[in-house]
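# Structural overview for review
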2 protein chains.
Amino acid sequence: MDPEARAQTVEDAIEHRREIVNTHIDDYLPMGDPERLYQASRHVLLAGGKRLRPTILLVAGEALTETDPGTTDYREFPTLVEHENRIDLLAAAISVEVIQSFTLIHDDIMDDDRMRRGEPAVHVAFGSDTAILAGDTLYSKAFEIMLDTGAPAERALEAVDTLASTCTRICEGQSLDIGFEERETVTSEEYLDMIDRKTAVLYAAAASIPSVLLGADPQVTEALTEYGRSIGRAFQIQDDVLDLTTPSSVLGKQRGSDLVEGKRTLITQHAREQGVDVDGLIDANDPEAVTDREIDAAVETLEAAGSIDYARNMAADLVAEGIDELDVLPETEARTRLAQIGNYLVERSY
Amino acid sequence: MDPEARAQTVEDAIEHRREIVNTHIDDYLPMGDPERLYQASRHVLLAGGKRLRPTILLVAGEALTETDPGTTDYREFPTLVEHENRIDLLAAAISVEVIQSFTLIHDDIMDDDRMRRGEPAVHVAFGSDTAILAGDTLYSKAFEIMLDTGAPAERALEAVDTLASTCTRICEGQSLDIGFEERETVTSEEYLDMIDRKTAVLYAAAASIPSVLLGADPQVTEALTEYGRSIGRAFQIQDDVLDLTTPSSVLGKQRGSDLVEGKRTLITQHAREQGVDVDGLIDANDPEAVTDREIDAAVETLEAAGSIDYARNMAADLVAEGIDELDVLPETEARTRLAQIGNYLVERSY
């Protein structure tokens, strides 16, 4: 299948599951009291998003159980163990999306990113205090939702354990990311370790939690964890690429914001190694005054140094590694879909 | 036993368990990477504190199992079910303390309280970004630790569920508390609902989680939940009293800070109903310039209106209600201790 046709298929598949997630967010995270807190907590969740992590979780469930994609109610999903009650895989999917949403709210405060998904960030719309609390509320809600799948206790416990250790890693990764801004240089190894914790672990959780909940062999869980980790790293690297190459109107936030904020990425690190004066690319003294023309010039310099292609290639390699891990699964349409989603993460243009 | 002798006994009992908690925090929450994040995360935890919630959890465990106080290793605690492996009750106790610590860090950012336990608050010592992340790290760590008691899966799951819903309530309570600052008046009912969520639920969790983990009857868990909730409300009301009546040097933070910040409490609400101009008590336009003399005068006014006694009496009544719930437990020294701890919460002077 040529890349464009494949992209169409996978986008439809993502779209289908995104709609299911969107339709049911309200069931798992209804409005509560105080209203303002719950409005703030649901703000980013209801503003949209691609729902990539829940999609991966749901498709992984289909691949594990050899269920034809889209034919089974995710809230009554069959497990791999005979005579067992069906479980609510959608709860797990939404739990992971709720964690993602919590991290976005807190990260936006820390980075003072003003826009998110085309809407004012939560701390802009509701103030920082409520934004901190909104993130905190989603945090525990995600655990409550994950506890609601109806899976047998041993496996539910393992899923919650994965969620908890994933959250710890995410905090460590965000802390490393912030720390990098104060440093001159960051090695590729350090950068990859940072995105592993900040981004990839949640993809790993999304891919592996269905395996835990549905009762698959530990080695299958391990392979899906590695699949998720690899495509998650690739996703973050592609995100760094898109931050530079996608118009602000499509991104839903300022293009080139990473450069303006002085974030260290694989791209800036490669450019530095090629002798590019990375810190001189943008006049960061007045972030508000940075023009599109300055960003254009900076991107051209990074293109010329081969740094953007370097990142693109690294992302493609990681996706290929991730897809290799899927060999542990039976050959099904859903498994193909997981591979396509991996490719989509690095072929997407926004 | 006269109050002073009783206070001595209960203080010794708390001191004993506090030392155990202090000694073992490092085992459950060791330093990690990045170092700065873990320093910030452990800052409040290592700065001390009375460890009231973990103490209640441990003593409730003793009362449930009719274990003589202080004779059993809390990490190898017997359950109520025959032939069952021992569990790590200390993990549960520390988990609850870690949650408490996370909420303090985030609350101090929101309230901009600069001092905590006689040390600079985390956001003062490490900056707001790291403080947000430090709280977030403790949040997931608390779940990881709670998952580590070795209790049978069903019961471990219930304990984690209690922890998660408790955290959600705490966020709601803090949100209500912040919202109250913008309001003229708050009814006693609204205030009690706020402290129920913000403060009392964590006491309820501390008292009831051992019952869940050790396999007690649901009605015992329910009674301990009510005991915890009642003494937790009383604790918060007494905290409001102490904020006005205890010297800053003993409090470890500015005396009268609630008045300066315009917080609504049972005390200010009662005073308002007696015709006191509560908002005129302190010139809140310049919080830095508020003098001890102004605070003294404000407290005298509140005393004269009977508002501080009103709060003290309410706290005493709540403690009595909480202690009544303990009838469900066998008559043991540990049960007596739980009652004493309830009384201590309202008799303490700091």
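Presented here is an overview of the structure given in this document.

How each quantity is defined
- Residues numbered from 1 in each chain as written.
- Chains lettered and ligands numbered in written order.
- Predicted model: local features only at pLDDT ≥ 70, side-chain atom pairs only at ≥ 80, totals over all residues.
- Heavy atoms only, no water.
- Helix = DSSP H or I, 4+ residues; strand = E, 2+ residues; numbered from the N terminus.
- Rg over C-alpha atoms; globule rule 2.2 N^0.38 Å.
- Buried < 20%, exposed > 50% of the residue type's maximum accessible area, 1.4 Å probe, protein only.
- Contact = heavy atoms within 4.5 Å.
- Areas by Shrake-Rupley, 256 points an atom, 1.4 Å probe, with all protein chains shown as cover.
- Lys, Arg positive; Asp, Glu negative; His and termini not counted.
- Charge placed at Lys NZ, Arg CZ, Asp CG, Glu CD.
- Buried area = accessible area lost by both parts, 1.4 Å probe.
- Salt bridge = Lys/Arg side-chain N within 4 Å of Asp/Glu carboxyl O.
- Polar contact = N/O pair within 3.5 Å; in protein donor to acceptor, adjacent residues only side chain to side chain.
- Nonpolar A, V, L, I, M, F, W, Y, C, P; charged D, E, K, R; others polar.
- Axes fitted to C-alpha atoms, helices over the stretch in contact; angles between N-to-C directions.
- Parallel < 35°, antiparallel > 145°, perpendicular 65-115°, else oblique.
- Left-handed = near helix turned anticlockwise from the far one by under 90°.
- Patch = residues over 30% accessible without salt bridge, like charges linked within 9 Å, V, L, I, M, F, W, Y side chains within 5 Å.
- Phe/Tyr/Trp six-rings, centres within 6.5 Å; stacked < 30°, edge-to-face > 60°.
- Least-squares fit on C-alpha atoms with pLDDT ≥ 70 in both.
- Expected span 1.5 Å × (residues − 1).
- Core = buried A, V, L, I, M, F, W, Y, C linked by side-chain atoms within 4.5 Å.
- Disulfide = S-S within 2.5 Å.

### Side note on the overall build of chain A
Counting secondary structure elements, chain A contains 15 helices and two strands. In terms of overall dimensions, chain A is globule-like: its C-alpha atoms have a radius of gyration of 20 Å, near the 20 Å expected for 350 residues. Expressed as lengths along the three principal axes of its C-alpha atoms, the size of chain A is roughly 65 × 50 × 35 Å. The 350 residues of chain A split such that 61% are buried. For chain A, the proportion of contacts with a sequence separation of at least 24, taken over those separated by at least 6, is 72%. About 13,600 Å² of surface is accessible on chain A, with carbon and sulfur atoms providing 42% of the total. Computed over 31 positive and 69 negative side-chain charges, the inter-centroid distance for chain A is 2 Å.

### Description of the interface of chain B and chain A
Each partner contributes to the interface: chain B provides 36 residues, whereas chain A provides 36 residues. Both faces combined, the contact of chain B with chain A buries some 3,200 Å², and carbon together with sulfur accounts for 69% of it. The three residues of chain B that bury the most area against chain A are B:Met110, B:Leu133 and B:Leu157, which together make up 17% of that side's buried surface. Viewed at the interface, chain A and chain B are joined by two salt bridges. For B:Arg197, the salt bridge goes to A:Asp33, with nearest N and O atoms at 2.5 Å. If you look at where chain B meets chain A, you find 14 residue pairs in polar contact (both at pLDDT 80 or more). Secondary-structure elements contributing two or more residues to the side of chain B that touches chain A are helix 2 (35-46), helix 4 (89-111), helix 6 (128-146) and helix 7 (153-180) of chain B. Among the elements that make up the side of chain B that touches chain A, the one with the highest residue count is helix 7 of chain B (16 residues). Its residues assigned to classes, the side of chain B that touches chain A comprises 20 nonpolar, seven polar and nine charged.

### Notes on the packing of helix 4 of chain B against helix 7 of chain B
All names here are of chain B. Interaxial distance between helix 4 and helix 7 falls to 12 Å at its minimum, and their mutual angle equals 20°. Regarding the angle of helix 4 to helix 7, the classification is roughly parallel. Along this stretch, helix 4 crosses helix 7, giving a crossing that reads as right-handed. Between helix 4 and helix 7, the contacting residues are Ser-95, Ile-99, Thr-103, Asp-107, Met-110 and Asp-111 on the first element and Leu-163, Cys-167, Ile-170, Gln-174 and Ile-178 on the second. Its residues assigned to classes, the contact of helix 4 with helix 7 shows six nonpolar, three polar and two charged.

### Observations regarding a negative patch on the surface
Together, A:Asp148, A:Glu154, A:Glu158, A:Asp161, B:Asp148, B:Glu154, B:Glu158 and B:Asp161 make up a negatively charged patch on the protein surface. Those elements that place two or more of their residues in the negative patch are helix 7 (153-180) of chain A together with helix 7 of chain B. If you trace the backbone, B:Asp148 turns up in the loop between helix 6 and helix 7.

### Topic: the packing of aromatic side chains
Residues and elements named next belong to chain A. Following the criterion strictly, the structure yields 10 aromatic pairs over all chains and no others. With a centroid separation of 6.4 Å and 20° between ring planes, the pair formed by Tyr-139 and Phe-143 is classed as stacked. Taken as a pair, Tyr-139 and Phe-143 lie in helix 6 (residues 128-146) at a separation of four residues, close to a single helical turn. Residue Tyr-139 is classed as buried on the basis of its relative accessible area, which comes to 0%. Judged by relative accessible area, Phe-143 falls into the buried class, the value being 0%. Between Tyr-203 and Phe-235 the ring centres are 5.1 Å apart and the planes differ by 45°, which places this aromatic pair in the tilted class. With Tyr-203 in helix 8 (residues 188-214) and Phe-235 in helix 9 (residues 218-245), this pair connects stretches of sequence that are 32 residues apart.

### Topic: the relation of the copies chain B and chain A
For the pair chain B and chain A, the best superposition has an RMSD of 0.0 Å and corresponds to a rotation of 180° with a translation of 0.0 Å parallel to the axis. The transformation just described matches what one would write down for a two-fold rotation axis. Among all C-alpha atoms of chain B, that of B:Ala153 lies closest to the rotation axis, at 2.7 Å.

### Digging into the side chain of B:Ser230
Within the secondary structure, B:Ser230 sits in helix 9 (residues 218-245). For B:Ser230, a relative accessible area of 10% gives the class buried.

### Focus on helix 9 of chain A
An ideal rise of 1.5 Å per residue puts 40 Å on 28 residues; helix 9 of chain A measures up with 40 Å between its terminal C-alpha atoms. The element helix 9 of chain A is largely enclosed, with a buried count of 20 among its 28 residues.

### Some details on the nonpolar core
A:Ile237 and B:Leu338 are the most contacted members of the largest nonpolar core, which totals 204 residues. Setting aside chain neighbours within four positions, we find B:Leu338 in contact with B:Ile56, B:Val59, B:Ala60, B:Ala63, B:Leu224, B:Tyr227, B:Leu326 and B:Leu329.

### As for the environment of A:Leu64
Turning to its location among the elements, A:Leu64 is positioned in helix 3 (residues 52-65). Spatially, the C-alpha atom of A:Leu64 lies 10.0 Å from that of A:Glu331, the residues being 267 residues apart in sequence.

### Section: the packing of helix 9 of chain A against helix 14 (residues 307-324) of chain A
All names here are of chain A. Where helix 9 meets helix 14, the axes come as close as 8 Å, and the angle between the chain directions of the two elements is 160°. When the axis of helix 9 is compared with that of helix 14, the two are roughly antiparallel. Regarding helix 9 and helix 14, the two cross each other, and that crossing is left-handed. Every residue of helix 14 that contacts helix 9 at Tyr-227, Ser-230, Ile-231, Arg-233, Ala-234, Ile-237, Val-241, Leu-244 and Thr-245 is listed here: Ile-308, Ala-311, Arg-312, Met-314, Ala-315, Leu-318, Val-319, Glu-321, Gly-322 and Ile-323. Of the residues assigned to the contact of helix 9 with helix 14, the class counts are 13 nonpolar, three polar and three charged.

### Observations concerning unusual backbone geometry
Here the bond from A:Asp33 into A:Pro34 is cis, since omega is 5°, no more than 30 degrees from zero. Summarising the element assignment, A:Pro34 is placed in the loop between helix 1 (3-28) and helix 2 (35-46). The backbone of A:Asp112 sits at a positive phi, close to 45°, despite the residue not being glycine. Assignment of secondary structure puts A:Asp112 in the loop between helix 4 (89-111) and strand 1 (115-116). Judged by relative accessible area, which is 38%, A:Asp112 ranks as partly exposed. Phi is positive for B:His83, which is not a glycine, with a value near 60°. You can see B:His83 is positioned in the loop between helix 3 (52-65) and helix 4.

### A few points about the state of the cysteines
Residue and element names in this part refer to chain A. This model, assessed by the stated rule, comprises zero disulfides over all chains. For Cys-171, which is in no disulfide, the shortest distance to another cysteine sulfur is to Cys-167 and amounts to 6.9 Å. You can call Cys-171 buried: its relative accessible area is 4%.

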